[in-house]
Amino acid sequence: MKLSNNLISIEVAPHGAELVSLVRKGREYMWSGDAAFWNRRAPILFPAVGKPFNNEIRIDGQVFTMKQHGFARDCEFEEAGEGLLVMKDVRPENYPYRFALEAQYKLDGNRVDITWTVVNLDKRDLYAQIGAHPAFTLPDYDPADEVHGYVRYYDACNRPVCPVVVSDLEDGNRVPRPEPVHLPAEMPITNETFAHDAWIIEEMQVAATELCDKDGVAFLRVDSPLAEAYGIWAPYKPGCPFVCLEPWNGLCDKKGFTGDIANRTYIHRVAPGEKYSFLYSITIL
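Residues numbered from 1 in each chain as written. Predicted model: local features only at pLDDT ≥ 70, side-chain atom pairs only at ≥ 80, totals over all residues. Heavy atoms only, no water.

1. Let's talk about the packing of aromatic side chains
Taken as a whole and assessed by the stated rule, the structure comprises 15 aromatic pairs. With 5.6 Å between their ring centres and 50° between their planes, Phe46 and Phe99 make a pair best called tilted. One end of the pair, Phe46, is in the loop between β5 (44-45) and β6 (56-59); the other, Phe99, is in strand β10 (residues 99-108), with 53 residues separating them in the sequence. Residue Phe46 is classed as buried on the basis of its relative accessible area of 0%. Judged by its relative accessible area of 4%, Phe99 is buried. Relative to Phe278, the ring of Trp116 lies with its centre 5.7 Å away and its plane at 25°, an arrangement referred to as stacked. Within this pair, whereas Trp116 is found in strand β11 (residues 111-120), its partner Phe278 is found in strand β25 (residues 275-284), the two being separated by 162 residues in sequence. An aromatic cluster of at least three residues, connected via ring pairs, comprises Trp31, Phe37, Trp38, Trp233 and Phe242. Taking the ring centre of Tyr154 as reference, the NZ or CZ of Arg221 above it sits at 5.0 Å. (Phe/Tyr/Trp six-rings, centres within 6.5 Å; stacked < 30°, edge-to-face > 60°. Helix = DSSP H or I, 4+ residues; strand = E, 2+ residues; numbered from the N terminus. Buried < 20%, exposed > 50% of the residue type's maximum accessible area, 1.4 Å probe, protein only. Lys NZ or Arg CZ within 6 Å of the ring centre and 35° of its normal.)

Pasting the structure below:
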């Protein structure tokens, strides 16, 4: 699916309803998906954000296998109107709910608005997490540079914020840090920024991020005012030329968590016949 106006154009793949291209004035902003670093570009994280402990979820006393970030990113979607894609009829054995998942993309000037909607078609409450994982190429990337760019953080009032990180990742699950760390409001991206894996920001501290070039000039902004958590990540590989700005309504499990899906961190309950939507936007500055 392709959409365009007089400022930007986008392309969304039917596989995973994934945003694979965002172009303004001939410049591509999305990561290419080169498998040497990471073969995805902007996957939908559903029904799990991050990794369930031991890759397991528990629903009504039953244990199901659930891989990191869920399965929506590997499902096929069909076009169902201007900018709308709907997941094909999927009934995975490891997620025993009847549901629909819709992905809506709209252009507004130099901004793309993205809405993902979970529809509960079942007769019982449905529980799910959902989040975004877009990857953006750093301009004029040179692995020899000391700094490749910067990430700026803003709160829900659009004020610069220094997020407090209280958890590290161990095998994909959260463990408490010995001491909290305060990220700078303008965080440099270096070859060592992601040596420990992703930076996980909890408790709705961040509502927007800006990605800046190596001179500190912002060129892209991601807004998600109701994001409960945020991830900042890139593979810890020499020469990796992109960074992911990830607003989430969900979070990976704490190490050792074996509770019911209803008790996962930032889980969302959708009653029968109801909908739950996750929204974020990408603006080219």
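2. Looking at the sheet that holds strand β15 (residues 149-154)
Taken together, nine strands build an open sheet; the order of strands is β8-β9-β10-β11-β25-β21-β20-β15-β18 and the sheet is antiparallel. At either margin of the open sheet sits one strand with a lone partner, and together these are β8 (77-79) and β18 (186-189). Within this sheet the neighbouring strands show an average axis-to-axis angle of 20°, counted without direction. As paired strands, β10 and β11 are joined by ten bridges and run antiparallel to one another. Paired with Leu101 across the strands is Val118, a residue of β11. (Pairing = 2+ DSSP bridges. Axes fitted to C-alpha atoms, helices over the stretch in contact; angles between N-to-C directions.)

3. A word on the sheet that holds strand β1 (residues 2-4)
Pairing in this open sheet of four strands is antiparallel, and the strands run β1-β2-β3-β4 from one edge to the other. Pairing within the sheet leaves two strands with one partner each, and these edge strands are β1 and β4 (27-28). Relative to β4, strand β3 (residues 18-24) is paired through two bridges, and the arrangement is antiparallel. What sits directly across from Arg24, in β4, is Arg27.

4. Structural notes on the pattern of salt bridges
Should the charged atoms of two oppositely charged side chains come close, the side chains can pair. Using the criterion set out here, one finds 18 salt bridges in the structure. Here Arg124 ties to Asp122 by a salt bridge, and the two come within 3.9 Å at their closest N and O atoms. Exposure remark for Arg124: the relative accessible area of 29% places this residue in the partly exposed category. When the shortest N-O distance is used, the salt bridge between Arg159 and Asp155 registers 2.8 Å. Of the residues examined, Arg159 reaches a relative accessible area of 47% and is grouped as partly exposed. The network of salt bridges with shared partners includes Arg152, Glu186, Glu210, Arg221 and Asp223. (Salt bridge = Lys/Arg side-chain N within 4 Å of Asp/Glu carboxyl O.)

5. A closer look at the nonpolar core
Of all hydrophobic cores here, the largest spans 89 residues; its most connected members are Phe46, Tyr95, Tyr105 and Ile232. Ignoring sequence-local partners within four residues, the contact set of Tyr95 consists of Phe46, Pro47, Ile57, Ile59, Met66, Phe71, Leu126, Tyr127, Ala128 and Ile261. (Core = buried A, V, L, I, M, F, W, Y, C linked by side-chain atoms within 4.5 Å. Contact = heavy atoms within 4.5 Å.)

6. Observations regarding the side chain of His268
Relative to the assigned elements, His268 resides in strand β24 (residues 268-270). For His268, a relative accessible area of 12% corresponds to the buried category. Discounting chain neighbours no more than four positions away, the residues touching His268 are Leu126, Tyr127, Ala128, Glu228, Asn249 and Tyr276.

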